[in-house]
Amino acid sequence: MNIRNRLAALESRKAVSAISNSGASDQLTKQLRSTAERMRDVPLDQLTTKASPIEVAALILDGRVDDEVARQCVELSKQSAPSALLLQCLLDAAGCSQANTTEEG
């Protein structure tokens with residue numbers, strides 16, 4: 001299963017659990033849900049042009065994952081910014097290790 005399918009299959013409660021396990025506060029969870037609601041009516045191709053790490057995480061939490069969202073999640077998780085840990089936790093919760101994030105299927 002490719003990363004897009006794994007992230008899309010990640011249920012909201014699993015994402016919330018991953019955020020909680022990473023030490024992120026309830027405030028972050030609220031922010032992600034609010035961001036996801038705000039972006040819900042906007043097509044993904046418009047959102048992913050210059051998406052922030054929080055927007056990518058919100059899209060994943062909302063179940064709106066395409067190949068570009070998955071690619072951005074992987075790329076942002078490799079950065080040294082504090083938000084990289086959040087995206088790494090989402091990848092871990094989806095069962096994606098660094099070794100299999102590029103596999104197709």
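Caption draft 1: Broad picture of the nonpolar core. Formed by 27 residues in total, the largest nonpolar core has its most connected members in Leu7, Val56 and Ile60. Leaving out residues up to four positions away in the same chain, Val56 has contacts with Ala51, Val69, Gln72, Cys73, Leu76 and Leu87.

Caption draft 2: Spotlight on helix 7 (residues 83-93). Of all the positions in helix 7, only Ala84, Leu86, Leu87, Cys89, Leu90 and Leu91 are classed as buried. Trailing helix 7 by a residue or two, Gly95 shows a phi angle of about 80°, which is positive.

Caption draft 3: Structural context of the packing of helix 6 (residues 67-77) against helix 7. Across the interface, helix 6 lies against helix 7 with an axial gap of 8 Å and an inter-helix angle of 125°. Between helix 6 and helix 7, the angle is such that the two are oblique. Handedness of the helix 6/helix 7 crossing: left-handed. Note on element contacts: helix 7 touches helix 6 through Ala84, Leu87, Gln88 and Leu91, opposite Cys73, Val74, Leu76 and Ser77. Across the contact of helix 6 with helix 7, the residue classes break down as six nonpolar, two polar and no charged.

Thresholds, definitions, all that
- Residues numbered from 1 in each chain as written.
- Predicted model: local features only at pLDDT ≥ 70, side-chain atom pairs only at ≥ 80, totals over all residues.
- Heavy atoms only, no water.
- Core = buried A, V, L, I, M, F, W, Y, C linked by side-chain atoms within 4.5 Å.
- Buried < 20%, exposed > 50% of the residue type's maximum accessible area, 1.4 Å probe, protein only.
- Contact = heavy atoms within 4.5 Å.
- Helix = DSSP H or I, 4+ residues; strand = E, 2+ residues; numbered from the N terminus.
- Axes fitted to C-alpha atoms, helices over the stretch in contact; angles between N-to-C directions.
- Parallel < 35°, antiparallel > 145°, perpendicular 65-115°, else oblique.
- Left-handed = near helix turned anticlockwise from the far one by under 90°.
- Nonpolar A, V, L, I, M, F, W, Y, C, P; charged D, E, K, R; others polar.

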